[in-house]
Amino acid sequence: MPLPFLTADRAFDADEDIALPFADHDQWRRPYRPGPWRVGLAALALLLASFVLLAAVIIAVAGAPGGALFTFGFAALIIAVALRMLRMGVWVSRAGLRHVRFLTTTTLPWSQAEGVRTVQQPVRWLGLPRTVQGQALVLVRRSGEQVALLTDHNADFLSRVEAFDRAADTVEAWNAEYAGAH
């Protein structure tokens, strides 16, 4: 039985690593799909949050409102962390490039970007202190500062070299299109 709502934006059995289409260049878009490590960790955090919410309901029914409020607050914190983990990454639009990290977000207009390129350098493995040799997509600002945007060993691209190459090429293409226009 065909389910057309599953195939509205792409073929159901299409390769999952295909680049996402961009209809409106004025909206902030992530030029790649979140990786399995990032999605898996967020899913585990949301699973933990569901158990904490269940515990909060049990505590509330048992008649301890202070403990129930604390537990609901803890569950809300876990949910917020999971959603922020899913939001992390590089976002592009006609206005510029947005680098979303866990605690900070930096937006840079294309006019302030000197260039974007892929370089070989030591990179952090899954964001941990351990470094390995890998590739990084580096943004060079007009001031000369270099910022690593993506690496091939982060939660989006670990063991997905083709997806990293495609995402790096896409961000470089956005930079070439809009940085040259300013």
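Residues numbered from 1 in each chain as written. Predicted model: local features only at pLDDT ≥ 70, side-chain atom pairs only at ≥ 80, totals over all residues. Heavy atoms only, no water.

### Comments concerning the sheet that holds strand β3 (residues 105–109)
One open sheet holds the 3 strands; their spatial order is β1-β2-β3, and the pairing between them is antiparallel. Only two strands of the sheet have a single partner each, and these edge strands are β1 (89–93) and β3. Sheet twist, expressed as the mean angle between neighbouring strand axes with direction ignored, is 15°. Sheet topology note: the β1/strand β2 (residues 96–100) ladder contains 5 bridges and is antiparallel. Looking across to β2, one finds that Trp-91 is bridged to Arg-98. (Pairing = 2+ DSSP bridges. Helix = DSSP H or I, 4+ residues; strand = E, 2+ residues; numbered from the N terminus. Axes fitted to C-alpha atoms, helices over the stretch in contact; angles between N-to-C directions.)

### Comments concerning the sheet that holds strand β6 (residues 146–151)
Strand order in the open sheet formed by 3 strands is β4-β5-β6, with antiparallel pairing between adjacent strands. Of all the strands in the sheet, the pair left with one neighbour each is β4 (113–124) and β6. In this sheet, neighbouring strand axes are inclined to one another by 35° on average, regardless of whether the strands run parallel or antiparallel. Pairing analysis gives 11 bridges linking β4 to strand β5 (residues 131–141), with the strands arranged antiparallel. Residue pairing across strands places Val-116 opposite Leu-139, the latter belonging to β5.

### Considerations on the packing of aromatic side chains
Applying the stated rule across the entire model yields 3 aromatic pairs. Relative to Phe-164, the ring of Phe-157 has its centre 5.6 Å away and its plane inclined at 75°; by these criteria the two rings are edge-to-face. Assessed through its relative accessible area of 1%, Phe-157 is described here as buried. A centroid spacing of 5.5 Å and a plane angle of 40° characterise the contact between Trp-174 and Tyr-178, whose relative ring orientation is tilted. Placement of both Trp-174 and Tyr-178 in helix α3 (residues 161–179) is noted, with a separation of 4 residues, approximately one turn of the helix. Judged on exposure class, the residue Trp-174 and its partner Tyr-178 are both buried. Taken together through their ring pairs, the aromatic side chains of Tyr-32, Phe-157 and Phe-164 make up a single cluster. The aromatic ring of Trp-91 is capped on one face by Arg-87, whose charged end is 4.3 Å from the ring centroid. One cation-aromatic arrangement involves Arg-98 over Trp-28; the distance from NZ or CZ to the ring centre is 4.0 Å. (Phe/Tyr/Trp six-rings, centres within 6.5 Å; stacked < 30°, edge-to-face > 60°. Buried < 20%, exposed > 50% of the residue type's maximum accessible area, 1.4 Å probe, protein only. Lys NZ or Arg CZ within 6 Å of the ring centre and 35° of its normal.)

### Details of helix α2 (residues 65–87)
Compared with the 33 Å implied by 1.5 Å per residue over 23 residues, the 33 Å span of α2 between its first and last C-alpha is a close match. If you check which residues of α2 are buried, you get Ala-68, Thr-71, Ala-75, Ile-78, Ala-82 and Met-85. Here the buried face of α2 lies against α1 (36–62). One or two residues past the end of α2 sits Gly-89, with phi positive at roughly 140°. (Expected span 1.5 Å × (residues − 1). Contact = heavy atoms within 4.5 Å.)

### With respect to the side chain of His-99
Along the chain, His-99 falls in strand β2. In terms of polar contacts, His-99 uses its side chain to reach the backbone carbonyl oxygen of Leu-149, at 3.4 Å. Excluding its chain neighbours within four sequence positions, the residues that come into contact with His-99 are Gly-89, Val-90, Thr-104, Thr-105, Thr-106, Val-147, Ala-148 and Leu-149. (Polar contact = N/O pair within 3.5 Å; in protein donor to acceptor, adjacent residues only side chain to side chain.)

### Description of the environment of Pro-36
Locating Pro-36 in the fold gives a position in helix α1. Measuring from C-alpha to C-alpha, the distance between Pro-36 and Leu-158 comes to 8.6 Å, with 122 residues separating the pair along the chain. Excluding anything up to four places from it in sequence, Pro-36 contacts Ala-155 and Arg-160.

### Re the pattern of salt bridges
Enumeration according to the criterion identifies 4 salt bridges in this entry. Arg-142 is paired through a salt bridge with Glu-114; the nearest N and O atoms lie 3.0 Å apart. Here Arg-142 is found in the loop between β5 and β6, whereas its partner Glu-114 is found in strand β4, with 28 residues between them in sequence. (Salt bridge = Lys/Arg side-chain N within 4 Å of Asp/Glu carboxyl O.)

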